[in-house]
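Structural overview
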Amino acid sequence: MFQIKLKDFKSFSCDSNQTIIEAALKSGIFLDHSCLTGRCSSCKFKVISGESFTEFEESPLSSFEKSEGFILTCIRKPLSDLELDAEDLGEYGFSQSVTIPAKINAIQQLTPEIIQVNLRVPPNQKVNFLEGQYLNVIWNGIKRSYSIANPSSSFEIELIIKNYQGGAMSTYWFGQAKTNDLMRLEIPKGTFFLRNHPGKENLVFLATGTGIAPIKSILESTTNQVKLGQFKRIFVLWGMKFEKEIFWEPSSSEVEFIPVLSRESQSKRYVQNVISNLELDMTNTVIYACGSEDMIQDARNKSIQLGLNSNHFYSDAFVASN
Ligand code: FES
């Protein structure tokens with residue numbers, strides 16, 4: 001058994017058969033993570049000392065990052081005691097993930113390719129999550145991840161689901177799913193949530209497609225209103241193809257809502273290209289991005305070029321499944 005030490009002086013045990021994130025979660029320590037499959041880089045941390053190994057390619061890491069000692073802790077296992085430049089997020093009130101039954105309460109078509117599914121859980125089952133987190137749906141042996149679209153005070157769980165033509169779970173959602181169908185949920189998952197940013201003036205949310213779901217959840221949360229109220233300006237930039245697909249908008253007039261439509265005109269527009277038009281002081285800005293890996297990567301690079309501190313870019317990349 002090895003000891004993993006963090007920069008906040010917390011530590012946990014991990015053996016060489018466990019990934020670092022797995023062992024941390026078992027010890028009640030929440031390190032940044034999302035996909036848990038080595039594809040999104042949310043769990044990227046720098047190793048200060050010690051050795052680790054992985055059987056997989058850490059493709060989201062650049063060769064520079066690898067040479068600087070960064071690893072993906074969701075696919076790395078220790079070979080010695082380790083010291084990581086990482087800290088426990090537990091103080092924000094994360095709950096351990098639980099597996100619970102749920103039934104479909106309602107299905108609503110939002111666009112020809114997107115539905116909203118409302119799920120209900122047993123009345124005695126308290127569901128705790130932080131707005132922005134995701135869950136896994138397990139149905140008929142298939143497991144898929146979806147961001148939760150409602151605030152944690154709701155009695156139902158709301159998912160916004162896109163049709164991936166030919167995908168195993170899409171075939172169910174868009175062809176067979178009906179009210180009262182039973183499934184299991186693993187909830188909550190991931191560490192995408194609104195943090196405290198004292199002194200920062202601008203908050204920018206970026207989304208593509210159904211990546212709007214966790215942003216909707218964050219903005220509709222009553223418990224987030226104090227954090228949101230500390231910003232002078234809040235933006236939501238939402239990338240969709242056509243105006244008729246915009247099925248939601250923030251209810252607060254304080255939020256500057258900018259749909260970014262890629263197919264409404266000859267010149268294609270993308271959210272990551274609109275950031276510079278906002279003309280913000282990037283040293284006073286934090287960005288939360290959710291959606292495609294390409295958008296997130298590009299938005300991160302462009303924002304850093306504009307002066308954003310890379311520690312103030314938070315993301316939840318949707319990685320494709322079939
Ligand atoms: S790469 Fe580790 S959580 Fe996504």
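Here, the structure is the one placed above.
These notes cover the structure that comes with them.

What counts and what doesn't
Residues numbered from 1 in each chain as written. Predicted model: local features only at pLDDT ≥ 70, side-chain atom pairs only at ≥ 80, totals over all residues. Heavy atoms only, no water. Helix = DSSP H or I, 4+ residues; strand = E, 2+ residues; numbered from the N terminus. Rg over C-alpha atoms; globule rule 2.2 N^0.38 Å. Buried < 20%, exposed > 50% of the residue type's maximum accessible area, 1.4 Å probe, protein only. Contact = heavy atoms within 4.5 Å. Areas by Shrake-Rupley, 256 points an atom, 1.4 Å probe, with all protein chains shown as cover. Lys, Arg positive; Asp, Glu negative; His and termini not counted. Charge placed at Lys NZ, Arg CZ, Asp CG, Glu CD. Phe/Tyr/Trp six-rings, centres within 6.5 Å; stacked < 30°, edge-to-face > 60°. Lys NZ or Arg CZ within 6 Å of the ring centre and 35° of its normal. Polar contact = N/O pair within 3.5 Å; in protein donor to acceptor, adjacent residues only side chain to side chain.

1. Looking at the overall build of the chain
On a plain count of helices and strands, the chain comes out with 7 helices and 18 strands. Computed over the C-alpha atoms, the radius of gyration of the chain is 20 Å, within 12% of the 20 Å expected from 2.2 N^0.38 for a compact globule of 322 residues. Taking the principal axes of its C-alpha atoms as reference, the chain extends roughly 55 × 50 × 40 Å. For the chain, with 322 residues in total, the buried portion stands at 52%. The contacts of the chain with a sequence gap of at least 6 include a subset with a gap of at least 24, amounting to 65%. On the chain, roughly 15400 Å² of surface is accessible, and the fraction owed to carbon and sulfur atoms is 47%. When the 32 basic and 36 acidic side-chain charges of the chain are each reduced to a single mean position, those positions are 4 Å apart.

2. Some thoughts on the packing of aromatic side chains
Going through the model one piece at a time under the given rule, you end up with 12 aromatic pairs. An angle of 50° between the planes, with centres 5.3 Å apart, marks the rings of Tyr172 and Trp173 as tilted. Each of the two residues, Tyr172 as well as Trp173, counts as buried. With a centroid separation of 5.9 Å and an interplanar angle of 65°, the aromatic rings of Phe192 and Tyr288 are classed as edge-to-face. You can see Phe192 sitting in the loop between β13 (182-189) and β14 (202-208) and its partner Tyr288 sitting in strand β17 (residues 285-292), a full 96 residues away along the chain. Both residues of the pair, Phe192 and Tyr288, count as buried. An aromatic cluster of at least three residues, connected via ring pairs, comprises Phe30, Tyr92, Phe94 and Phe193. Seen from the ring of Phe70, Lys44 lies directly overhead, with NZ or CZ sitting 5.8 Å from the centre. Its guanidinium or amino end placed over the ring of Phe242, Lys244 lies 5.1 Å from that ring's centre, counting from NZ or CZ.

3. A closer look at the side chain of Gln272
By secondary structure assignment, the location of Gln272 is in helix α6 (residues 271-274). Of the polar contacts made by the side chain of Gln272, one reaches the side chain of Asp298; its length is 3.4 Å. If near-sequence neighbours (up to four positions away) are discounted, Gln272 is found in contact with Met295, Asp298, Ala299 and Lys302.

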